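Remarks on the overall topology
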Amino acid sequence: MGGIRRRAGVALGLTGLVVPLTVALGAAPAQAAACTTSTGPYQKQVEKFMGRPVDGKQSPADCKATQTFQRWHGITPSVGYAGEVTWRTMNTILQQRAAGKNPNAAGTCPTNKGRIACVDLTRQLSWIQDGAKLAYGPVPVRTGRDGDETRTGARKIYHRNIDHWSTLYQVRMPYAQFFDGGQAFHSVGKSMYNPPGSRGCVNMREPDAKAYWNMLRNGDDVFVYGRKPGT
């Protein structure tokens, strides 16, 4: 349905998808709270993700590494506890890395629409494809929180505003492209892993939102599927 349009944009892999571990273990953006000595229910998984010795026991070094990760992504309380939200975030990052340059390997996002923006809520990933060919991404996104979920299904972009102001939430929505009621792609100035999520929009980093702005137009297809972890 519809020819494949060759607009500006080149395929982008997972480079820069997440904060590198070496960065995440360095300086963090806020003052640290006291580290907990408690062992969390996801201690081994978190230790493995952080590149720590996997013994399932909390150590000061384990806590510091986990705490820095939490602070970087706005996970609170940032006390270094290996709890559900922290591990859920790390597991999402692992799934995103595994997607590589073939995020639509399962063929869930339609390949017969020409240019289409795909949003996988389960992996918190989005990309643009031309038919079956990856045109941009995949990139991490931040979708709707529990109770304000990003709605699934086939949609089309119907309104664009490069400097939109939300009268509902009193916030700027740069590079806003609406595809389902008040739900839109737009940039935000926070981590894509900051819980609990958006009010339903597909939040993006500014470079990615700008690329989507340049590559998409009114009438272009959007397909949202899956379920965000924690909703």
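Residues numbered from 1 in each chain as written. Predicted model: local features only at pLDDT ≥ 70, side-chain atom pairs only at ≥ 80, totals over all residues. Heavy atoms only, no water.

**A word on the overall build of the chain**
Along its length, the chain carries five helices and nine strands. Secondary structure elements of the chain, listed N to C terminal, follow the sequence α-α-α-α-β-β-β-β-β-β-β-β-α-β. Across the 231 residues of the chain, 49% fall into the buried class. For the chain, long-range pairs separated by at least 24 residues make up 63% of all intrachain contacts whose partners lie at least 6 apart in sequence. Carbon and sulfur atoms provide 54% of the accessible area of the chain, an area that totals close to 10,900 Å². (Helix = DSSP H or I, 4+ residues; strand = E, 2+ residues; numbered from the N terminus. Buried < 20%, exposed > 50% of the residue type's maximum accessible area, 1.4 Å probe, protein only. Contact = heavy atoms within 4.5 Å. Areas by Shrake-Rupley, 256 points an atom, 1.4 Å probe, with all protein chains shown as cover.)

**Overview of the confidence of the model for the chain**
Per-residue confidence for the chain gives a mean pLDDT of 89; residues scoring 70 or more make up 85%. Considering only residues more than four positions removed or in separate chains, one finds that residues 1-16, a stretch of pLDDT under 50, has 40 contacts. When the criterion is pLDDT under 50, residues 18-30 qualifies, and its contacts beyond four places in sequence or with other chains add up to 24 contacts. (pLDDT = per-residue confidence, 0-100.)

**Structural notes on the nonpolar core**
Inside soluble globular proteins, nonpolar side chains tend to come together where they are buried. Of all hydrophobic cores here, the largest spans 22 residues; its most connected members are Ile128, Phe185, Met204 and Tyr212. Listed by contribution, the elements that provide at least two residues to this core are β1 (115-120), β3 (133-140), β6 (171-180), β8 (202-204), α5 (206-215) and β9 (221-225). Among the elements that line this core, the one with the most residues is α5, at five residues. Other than its neighbours up to four places away in sequence, Tyr212 contacts Ala117, Ser126, Trp127, Ile128, Tyr136, Val139, Gln177, Phe185 and Met204. Ranked by size, the runner-up nonpolar core spans twelve residues in total, among them Ala65, Phe69, Met90 and Ile93. (Core = buried A, V, L, I, M, F, W, Y, C linked by side-chain atoms within 4.5 Å.)

**Some remarks on the pairing of strand β2 (residues 125-130)**
Counting buried positions along β2 yields six of six residues, so the element is predominantly enclosed. Going residue by residue along β2, you find Leu125, Trp127 and Gln129 tucked away on one face and Ser126, Ile128 and Asp130 tucked away on the opposite face as well. By the bridge criterion, six bridges tie β1 to β2 in an arrangement that is antiparallel. Each bridged residue has a counterpart across the sheet, and for Ala117 the counterpart in β2 is Ile128. If you look at the hairpin formed by β1 and β2, you'll find four residues sitting between the two strands, and Gln124 has a positive phi there, around 55°. The pairing of β2 with β3 spans five bridges and is classified as antiparallel. Looking at β3, one finds that Leu125 is bridged to Pro140. The antiparallel hairpin formed by β2 and β3 contains two residues in its connecting segment, where Gly131 sits at a positive phi of about 65°. (Pairing = 2+ DSSP bridges.)

**Concerning the state of the cysteines**
All chains considered together, the criterion is met by two disulfides. One disulfide bridge connects Cys35 with Cys63, the sulfur atoms lying 2.2 Å from each other. In this structure the cystine formed by Cys35 and Cys63 twists about its S-S bond by roughly -110°; its chirality is therefore left-handed. Remark: Cys63 occurs in helix α3 (residues 60-73) and Cys35 occurs in the loop between α1 (21-24) and α2 (43-50); sequence separation between them is 28 residues. Accessibility expressed as a relative area gives 38% for Cys35, which makes it partly exposed. (Disulfide = S-S within 2.5 Å.)

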